[in-house]
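Each chain, letter by letter, is given below.
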Amino acid sequence: MFFKGTKEKILLLAAVLLLGIKCEAAQEGQGQDSQTRDSQVLEQYREYQSRLSAIETLSQIGEQGFDIIEEQCFPIETKDFGEVSLVPALEKEYSRLALFLADESGRIVWKTDQLEANSRILGQMEQPIEGISAVSFQDLNGDGLKDIALIALCVNDSGAYAGKTYKTGDVLFQTDGGFYRDYRISEKINRFSMNKGIDNITAFVRDGYSAEFLYTATTEKELVRNGFVIAQDQHYARQFEKLGRLDVVPGTYKMADFTYFMVYLVNEQGYIVWSFQPMGEYDNLYALKGINCRDVDGDGMKDIIVLADYSYAGENNELLTKSEYSIYYQRTGGFAADTEVKAHISCGEDDTLSALIEKARAYWGWRVEEDD
C-alpha cells in the first residue's frame, strides 16, 4: 500500500509538472500571438499613415483609398488659409475618418485623422465609423475663430452595441496653422452622452453646461441642485431584498434641446446607491409610460422594468419616436441589465407596462401575480 501510494504521488507530481510545462508553453504561445498581432497592426498603421501623408491634392484622396463624404463638405473661413473647404473622407479598408482642408486650387493645406471616432475599438485598425451625421463651424472657445464640431455615426459588428447606431462627438479648435483637438473635452462629450447633437456639444463647450453630474452625483440633493427634475408621479419607495428600502427616483435634465432621462435608487440617508440610463443612445425622452418594481425572472427578488417613448433623428433629420422598455434584474450587490428577454420580445407602440411584464414573466416560465 505504501508503494502504491508513493507511486500514485509520483505520477500525480509528474502530471502536475507536465501540465505546468504545457501552461507555460500556452502562455508563451499566447504572448507570441499577441506580439504577432501587435506587429501586424503596427505595419498596417504605418502603411495607412504613408497613404494619408501622401495626399497633397483633392484628386489624391481617392487614389490613396479614401472616399470623400460629399454631403458633409462645407466652406470655412480660417485665420491662416483664408476661405477653404472642409473635406471629410472615410478610408475604405479600415473605416477610419480623416479631415482635409483644401484651398480653391484643390491643394490640401491641412489634414488630420486624430479624431475620437478613430479610437472606438482600441488595439485594431478597423473602426466602426459609418459616416458623419453633422458638422458645424462656430467659435466655441471665445477667441473669435471658427472651430469645428462634428458627430460621427458608428455601428459595431459585435459586443453590447452590435448592430446599433451610436454617435461619437468631437471638437477641433482653430489655432495657428490649422486645428487642434483637446482629447479631454472630446472624452467628456462622449463619456457623459453629450454627443446627441451639435447644440448639445455647443452647450457644453461654449456655454458651460454639462450632464456630467448625472453620472457622478452621490446624493439626491446634488442631482436636484444641478437641475435634475424628479418625475413625482413615478417617485416612490420599495423594499429591495438585497439592498433594503430604497426610493425609486426617475427624472430628467434638459440640456440645449435634449432631455436626458435617468433613474436612481436612493437610500434613506439620501445617497445614491444605483443608477440606470434606460434611454441608451436615443436623443430624448418623449414620454415616460411607467416604472414598476416586481420579480420578473422568478428568483424571489424585485427587479425594475421601465417603459417609455424616446425620440431620435431619422436619416433626413426628421423627428421619430419609438417605444422601448428596459429590465434590470436585482442581483447580490446591485442590478444587471437584461439582454435575453429583449432579444425575444419586441415592444410596440400600443404595448403597456403590465402587458410587457406579463410577457417577460411568461418568458421565464411563470405567471404568478404579486403585489407591487
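For the structure given in this document, a descriptive report is provided here. (Residues numbered from 1 in each chain as written. Predicted model: local features only at pLDDT ≥ 70, side-chain atom pairs only at ≥ 80, totals over all residues. Heavy atoms only, no water.)

Here the focus is the pattern of salt bridges. Applying the stated criterion to the full structure yields 20 salt bridges. Across the salt bridge formed by Asp 103 and Arg 107, the nearest N and O atoms sit 3.2 Å from each other. One salt bridge in this structure joins Glu 241 and Lys 302, with 3.7 Å as the shortest N-O distance. Residue Glu 241 is located in the loop between strand S11 (236–240) and strand S12 (244–255), and its partner Lys 302 is located in the loop between strand S15 (284–294) and strand S16 (303–313); the two are separated by 61 residues in the primary sequence. Because the salt bridges share partners, they merge into one network encompassing Glu 116, Arg 120, Asp 170 and Arg 181. (Salt bridge = Lys/Arg side-chain N within 4 Å of Asp/Glu carboxyl O. Helix = DSSP H or I, 4+ residues; strand = E, 2+ residues; numbered from the N terminus.)

Our focus in this paragraph is helix H8 (residues 353–363). For H8, the full list of buried residues reads Leu 353, Leu 356, Ile 357, Ala 360 and Arg 361. The buried residues of H8 occupy an angular sector of 130° when projected down its axis, which confines them to one face. Gly 365, located one to two residues past H8, shows a positive phi value of around 95°. (Buried < 20%, exposed > 50% of the residue type's maximum accessible area, 1.4 Å probe, protein only. Arc of directions from axis to C-beta.)

This part is about the packing of aromatic side chains. Going through the model one piece at a time under the given rule, you end up with 18 aromatic pairs. Ring centres of Tyr 282 and Tyr 312 lie 5.8 Å apart, and the angle between their planes is 55°; on these two criteria the pair is classed as tilted. Separated by 30 residues along the polypeptide, Tyr 282 in the loop between strand S14 (272–276) and S15 and Tyr 312 in strand S16 bring together distant segments of the chain. With a relative accessible area of 28%, Tyr 312 lands in the partly exposed category. Seen in terms of ring centroids, Tyr 363 and Trp 364 are 5.2 Å apart; in terms of plane orientation they differ by 85°. Their pairing is edge-to-face. Residue classification places Tyr 363 among the partly exposed residues on the basis of a relative accessible area of 29%. (Phe/Tyr/Trp six-rings, centres within 6.5 Å; stacked < 30°, edge-to-face > 60°.)

What follows is about the nonpolar core. Ranked by internal contacts, the top residues of the largest apolar core, which has 28 residues, are Val 171, Val 205, Leu 214, Phe 228, Met 255 and Tyr 264. When residues of this core are traced back to their parent elements, those giving at least two are strand S7 (147–155), strand S8 (165–175), helix H4 (198–205), helix H5 (213–216), S12 and strand S13 (258–266). Counting residues per element, this core draws most heavily on H4, which supplies 5 residues. When residues no more than four places from it in sequence are discounted, the contact partners of Phe 228 are Phe 213, Leu 214, Leu 223, Val 249, Pro 250, Gly 251, Thr 252, Tyr 253, Met 262 and Tyr 264. (Core = buried A, V, L, I, M, F, W, Y, C linked by side-chain atoms within 4.5 Å. Contact = heavy atoms within 4.5 Å.)

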